[in-house]
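The primary structure of each chain is shown beneath.
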Amino acid sequence: MSIRFFGPTRRRRSILAAHLGAAAVVTSSLLAGCGSQGGAGPDDPRLIVFALSFPCELNDYATRLCDGVNAGASELPSGYRVDIKTGVNYGDNVAFNNLIQTSSQLQPAGLIVFPSGPAAQTPVLNQACDKNIKVIVIDSPADGVKCQSSFVGANHEQLGTLAGEWLVSHPSPTKNVGVVTLPPGQYTSNDDRVKGFTQTVEANGYRVVATVTTDLSLDSTRRGVANMLTAHPDLGAIFSANTQIGQGTLQALKDNSQVVQLTADGSLTNVPNILDGTVSADAAQDPYGMGRTAVQYMARVIQGEQVPETTYTRAGIVDRTNAQAYLEAGGPK
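A quick note: this is a predicted structure, and the numbers were derived from the prediction, not measured. (Residues numbered from 1 in each chain as written. Predicted model: local features only at pLDDT ≥ 70, side-chain atom pairs only at ≥ 80, totals over all residues. Heavy atoms only, no water.)

## Describing the overall build of the chain
So the rule is basically this: Only DSSP runs of H or I with at least four residues qualify as helices, and only runs of E with at least two residues qualify as strands; both kinds are numbered from the N terminus onward. Classification of residues uses two cut-offs on accessible area relative to the type maximum, computed with a 1.4 Å probe and protein chains only: under 20% is buried, over 50% is exposed, and between them is partly exposed. Calculation of accessible area relied on Shrake-Rupley with a 1.4 Å probe; when residues are assessed, cover is drawn exclusively from the protein chains displayed.
A count of helices and strands for the chain gives 10 helices and 13 strands. Residues counted as buried form 55% of the 333 residues belonging to the chain. Counting only carbon and sulfur atoms, one obtains 50% of the accessible surface of the chain, whose full area is about 13800 Å².

## Overview of the confidence of the model for the chain
Rule in force here: pLDDT is a residue-level measure of predictor confidence that goes from 0 to 100. The criterion used for residue contact is that any of the two residues' heavy atoms lie within 4.5 Å.
Averaged over every residue, the pLDDT of the chain is 88; residues scoring 70 or more account for 86%. Counted against residues more than four places away or in other chains, residues 8-43, with its pLDDT under 50, gives 80 contacts.

## Some points on the environment of Gln-186
As for its placement among the helices and strands, Gln-186 is situated in the loop between β7 (176-181) and α5 (188-202). Here the alpha-carbon distance between Gln-186 and Pro-118, two residues 68 residues apart in the chain, equals 7.4 Å. Leaving out residues up to four positions away in the same chain, Gln-186 has contacts with Ser-116, Gly-117 and Pro-118.

## A closer look at the state of the cysteines
For clarity, the cut-off: When two cysteine sulfur atoms are found within 2.5 Å, that pair is recorded as a disulfide.
Enumeration according to the criterion identifies 2 disulfides in this entry. One disulfide in the model links Cys-56 with Cys-66; its S-S distance is 2.0 Å. Measuring the twist about the S-S bond at about -75 degrees, one finds the Cys-56-Cys-66 disulfide to be left-handed. With Cys-56 in the loop between β2 (46-52) and α1 (60-74) and Cys-66 in helix α1, this residue pair connects regions lying 10 residues apart in the sequence.

## Re unusual backbone geometry
Even without glycine at this site, Asn-132 takes up a positive phi of about 65 degrees. With respect to the secondary-structure elements, Asn-132 resides in the loop between α3 (122-130) and β5 (134-138). Backbone geometry at Asp-265 places phi at a positive 135 degrees, although glycine is not the residue there. Residue placement: Asp-265 occurs in strand β10 (residues 260-265). Since its relative accessible area comes to 13%, Asp-265 is described here as buried.

## Structural notes on α5
Rule in force here: Between the first and last residue of a helix there are one fewer steps than residues, each counted as 1.5 Å, and that sum is the expected span.
End to end, α5 covers 21 Å across 15 residues, agreeing with the expected 21 Å (1.5 Å per residue, within 8%). Of the positions making up α5, those classed as buried are Ser-189, Asn-190, Arg-193, Val-194, Gly-196, Phe-197, Thr-198, Thr-200 and Val-201. Residues of α5 that are buried make contact with α4 (156-169), β7, β8 (207-213), β9 (237-240) and β10.

## As for the sheet that holds strand β13 (residues 316-318)
Note: strands within a sheet are paired through backbone hydrogen bonds, in either parallel or antiparallel orientation. Basically, it comes down to this: Two strands qualify as a pair provided DSSP detects at least 2 bridges between them. Throughout, an axis means a line fitted to C-alpha atoms (over the contacting stretch in the case of helices), and angles, computed between N-to-C directions, take values from 0 to 180 degrees.
Spatial strand order, β8-β7-β9-β10-β11-β13: 6 strands in an open sheet with mixed pairing. The open sheet has two edge strands, β8 and β13, and neither has a second partner. Taking each pair of neighbouring strands and ignoring which way they run, the sheet shows an average axis angle of 20 degrees. Relative to strand β11 (residues 281-284), β10 runs parallel, the two sharing 4 bridges. Looking at β11, one finds that Leu-262 is bridged to Ala-281. Against the sheet, α5 engages β7, β8, β9 and β10, with an angle of about 175 degrees to β7. In the packing of helix α6 (residues 218-231) onto the sheet, contacts are made with β7, β8 and β9, and the angle to β7 comes to roughly 160 degrees.

So, in structure tokens, the structure goes:
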């Protein structure tokens, strides 16, 4: 069965430009980890730095994101270089801010950043703005970046809505629902997913009777979900706001097949759980498309062109009807 994904949506004046692939195709240099040393001189290619707080090998989301960056780099005209700069701990904002500052010292023409929170990277990004470095933000919005040219990422509220709509059309044993999430305010993307899910199910007669706040550790999530089930043994479904949280929920429910499990991200590692019926549905985003689009937009910004203010990448539901096809395709591409 084919995989139906919802294409990029419009917000304010945002559309995915149809001519992204029109440039001549040449392979750009893509350097992982620390990247090249020194600044960009007058004879050097125009440097685009793609900065992440976590390594490309962290999980399949990160791998597909970096693969998309690689694809976008390979499609740029000659005269560009794309370097990936990665941290090792997504929770270490000091280290990530230092990485961004060090990257800015290389005098890149453009900087693409996945923020660790709404304001966590804003001061160092504004320092980059003061150096006339172009900035594009991906995946999780950042507040107050004075030279941001574009945001590229999933519509996270839509991901939550898709999971909620799936539950409404596939009713759980009871209409009591639990939510497992990161602390409110830590990530706008996480909050938006919970908002989309909650509003959708409550509008259709479900009740969110319990919410567990966790970090991304399996132990913390497993304990929290186990306690939630003890307090609410009549739960019909649990929505986990991302794949890593979903893994902890999965462990807590390993002996309980009555509770419908829903999650978001579309991680390839989660597909076997869908195929065996342990997880019912996953609202999938498109990190490959996110990385590719961000690189191509940045090249256009450097050339002085306008790009959409906000571009939402594709999203769709993965369940048992299309999980095998999704796995074989390596996610949406």
